[in-house]
Amino acid sequence: MKPFEYTRPTTEAEAVEFLGETGVQTAILAGGTDLTSLMRAELASPSRVVDLKQIPSLYQVTRSEDGIQIGALVTLADLVKNPLLDGYRSLFDVVDGVRSIQVQGSGTIGGDLCHLPNCWYFRNGYGLLGQENGVSLPETGDNRYHAIFGNEGAAKFVNASRFAPALMAWGTKVRIVGPATKTGSRERSSGLTVGAEWIPLEYFYVTPKTDRQGNTILKPGHFVSHIWLPDANQISSATYEVLQMEGLDWPLATASVCLNVEAGLVHDASIVMGHVAPIPWVTEDASRWLIGRPLNEETASFAADIAVSSARPLSMNEYKVQIVRTAVKRALLKAIGQLNP
Amino acid sequence: MVERKVGWEPQGSHALIGGEIQRVDGKVKASGQAKYTNDINPPGTLFAKLLTAPHAHAKLVLLNIDKAKAVKGVKSVIVMAKLGDEIRYEGWPIVAIAAERPEFAEDGLRAIEFKFESLPHFVDGLDLKGAVEADLAADGKPLKLTKSLGKSEQGDVEVALKEAKHVHEGFYGVQTITHMSMEPHGSHAAWDGDHLNVALSTENVSGTSGQYVQPVGVEAMNVNVRCDFLGSGFGSKSTVDVWDVACAKLSKVTGKPVRLMLSRTTEMQIAGNRPSAFAEVTVGCDAEGNVTAWDSRHWGSNGLEGSIVGLDVTPYVFRPKNRKSIATGIATNCSPERPWRAPHHPQACAYTQTALDDLAAKAGIDSLQFFTKNLNLTSLPHIYEPELEIAAKLMDWKGKWHPRGKGAGNGPVKRGIGVALHTWNGAANQSNVTLKIHSDGSVEVVTGSQDVGTGTRTCIAQVAADTFGVSMSAVKVSLGSNQFPKAGASEGSSTIGGVTGPVRRTTQQALWKILDLVAIRHTVDGTTLAARDGKVWSGDKEICTWKQAASLIGPMGLELYGGPVTDDEGLTNHQVGGVQMAEVAVDTETGVIRIVKMVAVQDAGMIVNRLLARSQVYSGLIMGIAYSLCEERIMDNKTGRFINANLNDYKLPRIGDIGDLVVEFYEPESEYKRGVIGLSEPPVISTGAAISNAVANAIGVRVPVLPLTPKRVLDALKGAKG
C-alpha cells in the first residue's frame, strides 16, 4: 500500500470539496472491505482517501412520501435491524448470503453498490477489462466465473454488487453527490454548494469499452450518498444467491425478483440477475411472460428458461447458465413462499 | 511384584495415557500469549520484503537496485536472481529488501527497475496431450515436458480383462492444492557476533541449523534455531529456504534483527503444493465382484521437476493379482511440490477407489459389499473389515444405501453415500530426550522436537506424568530449540512415536532408580513398588509421597538421556489402516454439494491422547473436505500465473461446509499392543474418494476430477445427458 493522505469530512459538501481538488487522486472510504484490498494490491493508489464515516446524514434511514431513503453508509447489519425495511425481504436475503459477521458489520450498502469487479485478471493487475497486449484474458484464458450476458464487448467481468440486483428489481434510485453544476440541482450544505442528482440504479452501471471508463457513471469527485426505495406495499420480493460455499464467498450467480401477485395471477414482475454480466442483468422478457399467469414451479421454470435464453457463455462458463436459471426459478418461488428448502 | 520392563501397561491400566486431556498449551495459544515466529518482532527489527517474478517463464533482462537502496528507511537490498537468469515459475524471488518499516520496504520494492522477457510457458498438469504435442513440436530443442516415470506390471492384465465379467474404463483426477498453513513460511534472524539466532517457522528444528552453514557462511555450532510454536506446515516446512537465507544475510549486513515472513500470495505461489494427478483406468472383476485386473496410465505435475504420484501406491491399497500401471510426469512452469500430509496417498486413493466404486456400480453390487469382498487384495484386511463394520453402523449404511442415482425423492437435491479406505506407515522418527527429575518431585522433559500444532507438548507431559503417577502440572516440557537433544522432523506422522517412545523408556528407568532408593530407605522390596496418585505404593500400602521419594535423589536431581526408540522395544509400531464414509446432498440444479456426515474409523495402535487424536482426525476430514469440494490452485494457461493465489478466490471451507463429523478409533487389544503409531496423515487420505463416491451414488454420474465444484458437477450431469 502506498502512502496517502487521510481526510475525514463531516458534511457532504466537505466531502465534495476533498474529492474535487484538481490533481489529487482520491478514493472514497466507506466500510473499507473492498478499498483496503484494492490499495494493498496497489490496484488503487490514491494520494488522498476521503473517509465518509463522519457524515451523519449518510447513516439515516427515513421514510419519505413515497418510499424509504437509506444512507449509503448504513451497514448490512444495521439494514436488517431497521423496522422501516421490514417489507424488503430481498435485501434481507442478500445480507443472509454475506456469511461473514465482519463484513456484515463493516460493509455498507453504498460501498457494495460501488464494489469493483472480482475478476481475477483485474485483481491481478490487468486492468478492469483484463487485457494483455490488447488481448482479452477473460476471453482467451480462465473465464469460469465471468459473464454469460452482455459480454460481447471488451468487458467480460461480472458486476460484483450483492445488492444491485435486488435494488434494481425494486426500482431503486441512487442519489449522486458532486460539485454543483449550472444545470443540475443544487443543495446548500454548511455554506457550500453541492450538486445532487437522483438517478435510477439501472443507469448507474456501465459496461465499459475501455479501462478508464470504469463500471459506473460516477465521475471523479462524485459519490453515492443515499438510495431510495419505493414503498413495499403489495410487493413480494426475494433474492436467491447460488453460493458454492457456506462461508464468505461470492455468488456464482444470483437472481432477485419483485412481484405483485393479485388473485393468484402475476400483475407485475421485475427480475434481475447478478454476477452474470458486467452490469446487473434485467430480463424483461421473462417478467413480461409471467404477467397474467399464475406463479408455480412450472411457470417459474419457464420464466427462468426465458431469462437465460439469450445467454452467451464463454469457453468455460456454460454451467453458469444453468446456475442462474435455477436462481431465477427459485427466487420467483421464494418470493411467494413456495420454495421448498 | 511389579514387572520392570520397558513398555506400556496393559490396555485400560494407564491413569493418563489414552485419556482425553486438554492441551497443556491451549490457554497460551488461545489467549495469544504463545509467540509464533510470525509474532516475533522485538524493538529494532527491520522488516524484509521480496520482489518476486510475475511470470511463469521469462528471462530477467534488466535489474537495477540503485534507486531502491536510496529509498528512505531502506537499510539493505539483496539480489536473489542474476541478470539473464531464467525465471521458471511465478513468484521466483528476485530481490529482498530490509527496511525500518514494512512500508519503507515496499517503497524500496517499487523503486527497483526490472524487466522480464517473456518465454513460452506450460502450466497445465492435466493436459498430457498438449505436453506431448509441445514436446513433438520442439523436436530436438531442449524442451522436454513429458517424461516416462516407469511401469509396474504383475500377472497378465490383458488376459484378466478379457476374462472379466465386468470391465469399467474411466478417467479420474485431483487438481493441485497448496498447504495453506495458517502461519506463512519465514523467519526472524539476529546476529550476536558470529552467532546467528533464528526464530524459524519450521517443523524440523533440529535439522535446520546445518542448512544455514553454506549459504550464510556460519559455523553450525553458532546457529541457534528456535520454534516454540508453529502455525502448521503439513510437510512444507522442513527446509531453510532462499528467503530465510536472505533474511539471515540482511541481518548480517545491517547488523540488526530482520524479520521476513512471506505474504500470503507468495506463500501460495512458491512455498509448496501437493501435485496434481490424473489417471485413465481400466478395471475388471468377476461375476461375484472380485477385482481381477487393474490397468492404468497416470500423469500429472509436481512443477518443474515433472514428477508424479508413484507407482508404489498405484493402484492404492487394493492390489489385484493382475495389474499394470504406467506413470508419466509433466514438467510445468509451476513451483515445486513439497510433501503434503500423506504425500501422494490422497491422489492415488482418489483415482483408485473411485474407479473401483464405478466398477462396483457396473457390477450392480453395493459399494460396501464390493470393498469388503475385495479386502483380500489389501495388506490389512484384519483391520479394514472390522473398521468397515463399525463405520457402516455409524453411518447407517444399510438404511441409507441405494443403487447409484436411485435415491428417494423427486426434488433436485439428491443424497448419496460412499466409502473409501487408506493406509499409512506412521513409524517413529529418531528423537532424543533429556529427562530431569528434581528433588522436589518436579519433572522436566527436554527435546529438540517441535509441536506442529498436533499436541506434542501435551503428549510428552502425559506420558511422563503417567509413568511417575503425578499430575500433568508437575511436568514441564521444553521443545523447539536446536540446543535441545536432537529430534526428528515432524514429517510422515512420525513425531508421536518418536517422542513418546524415548520419554516412556527414560521415565520408566528413572522411576525404577527412585523406587530402589525408596526400597532402601523404607526397607521394602523395591520390585513391589509402584507410583500412582502422587504416592509410592507397595501393593495397597502407601509407602511415601512422590515428593518424599524424589527427595531421596539429592539436591542435584536425576538426569537421564534417552536415545531414539527402537523397533524391538514394543513402544511403537507402524502401518495403520482407516476407513471413511461420506454422506452428501447434491443440488443437481446448481451443482452445489453439501457434506451431510462423515464417518472416520481409524487405527493408530495405542492412542496416547484421545482428545487430541480425535482432533487430528477432524482436521484430516476437514482438509479432505477442502480438497474434495473447493480447494484448488488454478493455473491460468494464458498468463501462466496462479490466478487465484489469494484467500478470496482460493476457496476453503468454513464451519458450515463441514457437516457432522463422527470419529471412532479402532483400538482392540491386538492394536493397542502394537504401541504408538502416528496419526496425522492417515485421516486425510480417503476423504476425497469417499466424497466422490458419495456424489456418484447421489447423482448417478461420476464427477471425475476433484475438487467437485458446481461447474464440474453440472458439466458431468450435462455430459451424462449427452
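Residues numbered from 1 in each chain as written. Chains lettered and ligands numbered in written order. Predicted model: local features only at pLDDT ≥ 70, side-chain atom pairs only at ≥ 80, totals over all residues.

### Some remarks on the overall build of chain B
Scanning chain B from terminus to terminus reveals 20 helices and 29 strands. Its C-alpha radius of gyration of 28 Å places chain B within 12% of the 27 Å reference for a compact globule of 722 residues. Across its three principal axes, chain B shows a C-alpha extent of roughly 85 × 75 × 45 Å. Residue pairs at least 24 apart in sequence account for 81% of intrachain contacts in chain B once pairs closer than 6 positions are excluded. (Helix = DSSP H or I, 4+ residues; strand = E, 2+ residues; numbered from the N terminus. Rg over C-alpha atoms; globule rule 2.2 N^0.38 Å. Contact = placed C-beta atoms within 7 Å.)

### Regarding the overall build of chain A
Counting its secondary structure elements, chain A contains 12 helices and 15 strands. Its C-alpha radius of gyration of 20 Å places chain A within 12% of the 20 Å reference for a compact globule of 341 residues. Structurally, chain A occupies a C-alpha span of about 55 × 50 × 40 Å along its principal axes. Relative to its full complement of 341 residues, chain A shows a buried share of 49%. Restricting the contact set of chain A to residue pairs at least 6 apart, pairs at least 24 apart contribute 66%. (Buried ≥ 20, exposed ≤ 12 C-beta atoms within 10 Å, placed from the backbone.)

### A closer look at unusual backbone geometry
Residues and elements named next belong to chain B. Residue Pro315 is bonded to the preceding Thr314 through a cis peptide linkage, with omega at -10°. As for its placement among the helices and strands, Pro315 is situated in the loop between β16 (291-300) and β17 (322-330). Note the cis peptide between Leu706 and Pro707, where omega equals 0°. Here the phi dihedral of Met180 falls at roughly 55°; this positive angle occurs in a residue that is not glycine. Relative to the assigned elements, Met180 resides in the loop between β9 (177-178) and β10 (186-192). Take Met180: there are 22 C-beta atoms within 10 Å of it, and that puts it in the buried class.

### Some details on the interface of chain A and chain B
Every contact between the two is made by 22 residues of chain A and, on the other side, 27 residues of chain B. Contributing elements (two or more residues each) for the side of chain A that touches chain B: α8 (137-140) and α12 (319-335) of chain A. Among the elements that make up the side of chain A that touches chain B, the one with the highest residue count is α12(A) (4 residues). Broken down by class, the residue content of the side of chain A that touches chain B amounts to 8 nonpolar, 9 polar and 5 charged. (Nonpolar A, V, L, I, M, F, W, Y, C, P; charged D, E, K, R; others polar.)

### Considering helix α4 (residues 89-97) of chain A
Along α4(A), the positions that sit buried rather than exposed are A:Ser90, A:Leu91, A:Asp93, A:Val94 and A:Val95. Of the surrounding elements, those touching the buried residues of α4(A) are α3 (76-81), α5 (101-106), α9 (164-170), β12 (236-242) and β13 (253-262) of chain A.

### A closer look at the domain arrangement of chain B
All names here are of chain B. By domain assignment, chain B separates into domain 1 (26-34 + 428-569), domain 2 (37-120 + 185-261) and domain 3 (343-425 + 573-721). Computed over C-alpha atoms, the centres of domain 1 and domain 3 are 38 Å apart. Listed as interface residues are 14 residues of domain 1 and, on the opposing side, 12 residues of domain 3. For the side of domain 1 that touches domain 3, the secondary structure elements donating two or more residues are α14 (456-468) and α15 (495-522). Ranked by the residues each element gives to the side of domain 1 that touches domain 3, the list is headed by α15, at 5 residues. (Domains from an automatic or database assignment.)

### Details of the sheet that holds strand β20 (residues 443-446) of chain B
For sheets, the rule is that strands pair by backbone hydrogen bonds, running either parallel or antiparallel. Residues and elements named next belong to chain B. Strands sit in the order β21-β20-β19-β25 across an open sheet of 4 strands; the sheet is mixed. What marks the edges here is a single partner per strand, and that holds for β21 (475-478) and β25 (558-562). When strand polarity is set aside, the average angle formed by the axes of neighbouring strands in this sheet is 15°. Note: β20 against β21, 4 bridges, orientation parallel. When the sheet's bridge partners are listed, Glu444 is paired in β21 with Lys476. Together, β20 and β21 form the strand contacts of α14, whose direction differs from that of β21 by roughly 145°. Its contacts with the sheet place α15 against β19 (433-437), β20 and β25, and it is angled at close to 145° to β25. (Pairing = 2+ DSSP bridges. Axes fitted to C-alpha atoms, helices over the stretch in contact; angles between N-to-C directions.)

### Some words on the sheet that holds β12(A)
Residue and element names in this part refer to chain A. With antiparallel pairing, 4 strands are arranged side by side in an open sheet as β12-β13-β14-β15. Both edges of this open sheet fall to β12 and β15 (281-282), since each of them pairs with a single strand only. Here β13 pairs with strand β14 (residues 265-274) via 9 bridges, running antiparallel. Bridge pairing in β14 links Ser256 to Val272. Most of the contacts of α4 go to β12, to which it runs at about 20°, and overall it touches β12 and β13.

### Re the packing of helix α17 (residues 610-629) of chain B against helix α19 (residues 687-699) of chain B
Residue and element names in this part refer to chain B. Running from N to C, α17 and α19 point in directions that differ by 55°, and their axes come no closer than 8 Å. When the axis of α17 is compared with that of α19, the two are oblique. Of the two elements, α17 crosses α19, and the hand of that crossing is right-handed. Residues Gly620, Leu621, Gly624, Ile625, Tyr627 and Ser628 of α17 pack against Thr687, Gly688, Ile691 and Ser692 of α19. Taken together, the residues of the contact of α17 with α19 break down into 4 nonpolar, 6 polar and no charged. (Parallel < 35°, antiparallel > 145°, perpendicular 65-115°, else oblique. Left-handed = near helix turned anticlockwise from the far one by under 90°.)

### Observations regarding the environment of B:Gly497
Residue and element names in this part refer to chain B. Within the element layout of this structure, Gly497 appears in helix α15. By the C-beta count within 10 Å, which is 29 here, Gly497 ends up buried. What Gly497 contacts, discounting residues up to four positions off in sequence, is Ala427, Ala428, Val565, Thr572, Val676, Ile677 and Gly678.

### So, the environment of A:Gln104
Residue and element names in this part refer to chain A. Take Gln104: it is sitting in helix α5. For Gln104, a count of 19 C-beta atoms within 10 Å translates into the label partly exposed. A C-alpha to C-alpha distance of 9.7 Å links Gln104 and Gly31, two positions 73 residues apart in sequence. With residues up to four places along the chain from it excluded, the contact list for Gln104 reads Leu76, Ala77, Val95 and Val98.

### Overview of the pairing of strand β15 (residues 277-285) of chain B
Residue and element names in this part refer to chain B. Taken across its 9 residues, β15 has 7 buried, putting it largely inside the fold. Looking at chain direction, β15 and β16 are connected through 8 bridges and run antiparallel. Residue Val283 lies in a different strand from β16, and its bridge partner there is Trp294. The antiparallel hairpin formed by β15 and β16 contains 5 residues in its connecting segment, where Gly289 sits at a positive phi of about 95°.

### Digging into the packing of α14(B) against α15(B)
Residues and elements named next belong to chain B. Running from N to C, α14 and α15 point in directions that differ by 25°, and their axes come no closer than 9 Å. Classed by the angle they form, the pair α14 and α15 counts as roughly parallel. For the element pair α14 and α15, the recorded crossing hand is right-handed. Residue-level contacts link Thr456, Cys459, Ile460, Val463, Ala464, Thr467 and Phe468 of α14 to Thr495, Ile496, Val499, Thr500, Val503, Arg504, Thr507, Gln508 and Leu511 of α15. Of the residues that constitute the contact of α14 with α15, the class distribution is 9 nonpolar, 6 polar and 1 charged.

### Focus on the environment of B:Ile390
Within the secondary structure, B:Ile390 sits in helix α12 (residues 381-395). Not counting the four nearest positions on each side in its chain, B:Ile390 is found in contact with B:Val601, B:Glu664 and B:Tyr666.

### Thoughts on the pairing of β10(B)
Two faces, one strand: in a regular strand the side chains alternate between the faces of the sheet. Residues and elements named next belong to chain B. Counting buried residues in β10 gives 6 out of 7 residues, a clear majority hidden from the surface. As judged from the 4 bridges shared by β10 and strand β13 (residues 258-261), these two strands associate in the antiparallel manner. Directly across from His188, in β13, lies its bridge partner Arg259. Relative to strand β11 (residues 195-200), β10 runs antiparallel, the two being bridged by 6 bridges. For Trp191, the partnering residue across the bridge sits in β11 and is Leu196.

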